[in-house]
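Below are the chains, spelled out letter by letter.
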Amino acid sequence: MAAPQKKDPNKYSKNANIQADTPVKTIISFGGMVLLLIGLIGIAMEFFKDDGWLKNALSWLFDSSTHMMFIPVIVFILWLLNRWMSSAAKGEKKKSGDLPMYIMMILGAFYVFRIATTGGF
């Protein structure tokens, strides 16, 4: 029979020096999240409106067999992007994985500017 394992009474002592975020960091994070969501909404509206980007791209892609030859190239480029942004090891985190988030935040800032100047997406 195995001996019972001893419980460490101070197993959370390593977390004693963790500090909470400041209110400024919290506000900045919330603002980034709002920009990200506005960017996602703006892109979704551009993709799925009646004469949107998705309809135009798919109609161009399936217009002729010559254009359809770009499908493997597009898949290969998307695969390369995935390999570039994914981490090699399970515990690692690459900085390039944050790139889509920053792009969405920039698009969110663009759509906020567009809403402020024109009144709509």
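Below: a short report on this structure. Note on numbering: residues in each chain are counted from 1, in written sequence order. Whole-chain, interface and lining totals are the exception, using all residues; otherwise, since this is a predicted model, local features are given only for residues with pLDDT of at least 70 and side-chain atom pairs are given and counted only at 80 or more. The basis for every side-chain value is the complete set of heavy atoms in the structure, and neither hydrogens nor water enter the calculation.

## Re the overall build of the chain
Only DSSP runs of H or I with at least four residues qualify as helices, and only runs of E with at least two residues qualify as strands; both kinds are numbered from the N terminus onward. Scanning the chain for helices and strands turns up five helices and zero strands. For the chain, the N- to C-terminal ordering of α and β elements is α-α-α-α-α. The buried label applies to any residue whose accessible area, calculated with a 1.4 Å probe on protein chains only, is under 20% of its type's maximum; exposed applies above 50%, and partly exposed to all values in between. A burial count over the chain gives 12% of its 121 residues as buried. When checking whether two residues touch, look at their non-hydrogen atoms; a contact exists if any pair is within 4.5 Å. Considering only contacts within the chain whose residues lie at least 6 apart along the sequence, 48% involve residues at least 24 apart.

## Examining the packing of helix 1 (residues 23-48) against helix 5 (residues 99-118)
Between two packed helices, what matters for the description is the angle formed by their axes and the separation of those axes. Here an axis means a line fitted to C-alpha atoms, over the contact stretch when the element is a helix, while the angle between two N-to-C directions is reported on a 0 to 180 degree scale. Remark: helix 1 packs on helix 5, axes separated minimally by 7 Å, with the N-to-C direction vectors making an angle of 75°. Taken together, the axes of helix 1 and helix 5 are roughly perpendicular relative to one another. Judged by residue contacts, G32, L35, L36, I38, G39, L40, G42, I43 and E46 of helix 1 engage M101, M104, M105, L107, G108, A109, Y111, V112 and R114 from helix 5. Of the residues that constitute the contact of helix 1 with helix 5, the class distribution is twelve nonpolar, four polar and two charged. Any angle from 65 to 115 degrees is called roughly perpendicular, while one under 35 is roughly parallel, one over 145 is roughly antiparallel, and all others are oblique. Polar here means any residue outside two lists: the nonpolar Ala, Val, Leu, Ile, Met, Phe, Trp, Tyr, Cys and Pro, and the charged Asp, Glu, Lys and Arg; Gly therefore counts as polar.

## Some remarks on the environment of I106
By the element assignment, I106 lies in helix 5. Separated by 74 residues in sequence, I106 and G32 have C-alpha atoms that sit 9.6 Å apart.

## Examining the packing of aromatic side chains
Two aromatic rings from Phe, Tyr or Trp, using only the six-membered ring of Trp, form a pair when their centres are within 6.5 Å; if the ring planes differ by under 30 degrees the pair is stacked, by over 60 it is edge-to-face, and anything between is tilted. For the structure on display, the rule yields five aromatic pairs. A centroid spacing of 5.8 Å and a plane angle of 70° characterise the contact between F47 and W53, whose relative ring orientation is edge-to-face. Exposure remark for F47: the relative accessible area of 31% places this residue in the partly exposed category. For the pair F110 and Y111, a centre-to-centre distance of 5.2 Å together with 65° between the ring planes defines the contact as edge-to-face. Taken together, the aromatic side chains of F47, F48 and W53 make up a single cluster linked through ring pairs.

## Side note on the pattern of salt bridges
The rule for a salt bridge is simple: a side-chain nitrogen of Lys or Arg has to be within 4 Å of a carboxyl oxygen of Asp or Glu. A full pass over the atoms with the stated rule returns two salt bridges. For E46, the salt bridge goes to K49, with nearest N and O atoms at 3.4 Å. The shortest N-O distance in the salt bridge between R114 and E46 comes to 3.0 Å. With R114 in helix 5 and E46 in helix 1, this residue pair connects regions lying 68 residues apart in the sequence. By relative accessible area, which is 25% here, R114 ends up partly exposed. By relative accessible area, E46 is classed as buried at 9%.

Structural measurements only, silent on function.
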